[in-house]
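Working through the structure, step by step
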Amino acid sequence: SISERTGAVVSHSYADAGVYTVLLTVTDNDGLTDTVVTTATVSTVAPNPDQTLASELALVDQLFAVGKIGRGQDFLLKLELAIARAALDRGAIGLAMPLLRRVALQLDAVTRH
C-alpha cells in the first residue's frame, strides 16, 4: 500500500517485517524538488499494545491463581495495567508502552523463579 506524509519530519510504521521500497520526494522553499528511491528493511515490528495488555492481564491472573504472586502484587500489577489501558484509550501510547514494558519485566522475573 502507498502511504503519503507531508512535513519537515515524517515517519511511517510497518505492520510486518520485510523489505519495503521507499520513495522520498523533497521540495524546497523555491519549489524545486528531488526524489530518491531506497529500501527500508524492517526486522522487528512494534508489539500491538492492546494484545500486550490482554496477555499481561491474563498472565497476572494465572500467576495469582497458582500462588506465584500474592494479592498485593496482583493488585499493583493490575493497577499499572489499568493505567496503561486508560492511556491507550486516550491515544497516549507513549505513556502506555513504558508501563507495559515495566509490567512485562516484573512478570518475566516472577516466571523465571
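For the structure itself, look to the data block above.
The paragraphs below set out a description of the structure included in this document. What you see as residue numbers is a count from 1 along each chain, following the sequence as written. Given that this is a predicted model, residues contribute local features only at a pLDDT of at least 70 and side-chain atom pairs are listed and counted only at 80 or more, while totals for whole chains, interfaces and linings are drawn from all residues. With hydrogens and water excluded, all non-hydrogen atoms of the structure serve as input to the side-chain values.

1. Regarding helix α2 (residues 71-89)
Basically, it comes down to this: Here a helix means four or more residues in a row that DSSP labels H or I, a strand means two or more in a row labelled E, and each is numbered from the N terminus. Multiply 1.5 Å by the residue count of a helix minus one, and that product is the helix's expected span. Burial classes follow relative accessibility: with a 1.4 Å probe on protein chains only, a residue under 20% of its type's maximum area counts as buried, one over 50% as exposed, and anything between as partly exposed. Directions drawn from the helix axis to the C-beta atoms are what define this arc. Note on contacts: a residue pair is in contact if any heavy atoms of the two residues lie within 4.5 Å.
Taking 1.5 Å of rise per residue, 19 residues should cover 27 Å, and α2 covers 26 Å from first to last C-alpha, within 8% of that figure. Turning to α2, its buried residues number three or more, namely Asp74, Leu77, Glu80, Leu81, Ala84, Ala87 and Leu88. Around the axis of α2, the buried residues are gathered within 150° of arc, so they sit on the same side. Exposed side of α2, more than 90 degrees from the buried face: Arg71, Phe75, Leu76 and Asp89 are the residues found there. For α2, the secondary structure elements touched by its buried residues are α1 (49-65) and α3 (93-112). In the segment just after α2, Gly91 is the residue with positive phi, at about 80°.

2. What to know about the environment of Ala17
Within the element layout of this structure, Ala17 appears in the segment before β1 (18-27). Residue classification places Ala17 among the partly exposed residues on the basis of a relative accessible area of 47%. Sequence separation of Ala17 and Thr44 is 27 residues, and the distance between their C-alpha atoms is 5.7 Å.

3. Remarks on a nonpolar patch on the surface
What counts, and what does not: Residues enter a patch when their relative accessible area is above 30% and they make no salt bridge; the linking distance is 9 Å between like charges and 5 Å between nonpolar side chains (Val, Leu, Ile, Met, Phe, Trp, Tyr). The method behind every accessible area is Shrake-Rupley, applied with a 1.4 Å probe, and residues are considered shielded solely by the protein chains displayed. For this document, the term salt bridge refers to a Lys or Arg side-chain nitrogen within 4 Å of an Asp or Glu carboxyl oxygen.
A contiguous nonpolar patch, built from Phe75, Leu76, Leu79 and Ile83 and spanning about 390 Å² of accessible area, is present on the exposed surface. Among the structural elements, Leu76 can be located in helix α2.

4. Section: the pattern of salt bridges
Throughout the structure, instances matching the rule amount to six salt bridges. Lys78 is the partner of Asp61 in a salt bridge, and the nearest nitrogen-oxygen pair spans 2.7 Å. Of this pair, Asp61 sits in helix α1 while Lys78 sits in helix α2, and the two are 17 residues apart along the sequence. A relative accessible area of 37% places Asp61 in the partly exposed class. Overall, Lys78 belongs to the partly exposed group, its relative accessible area being 30%. Here Arg71 and Asp74 are joined by a salt bridge, their closest N and O atoms 3.7 Å apart. Remark: Asp74 and Arg71 occur in helix α2; sequence separation between them is three residues, near one turn of the helix. For Arg71, a relative accessible area of 56% puts it in the exposed group. A relative accessible area of 3% places Asp74 in the buried class.

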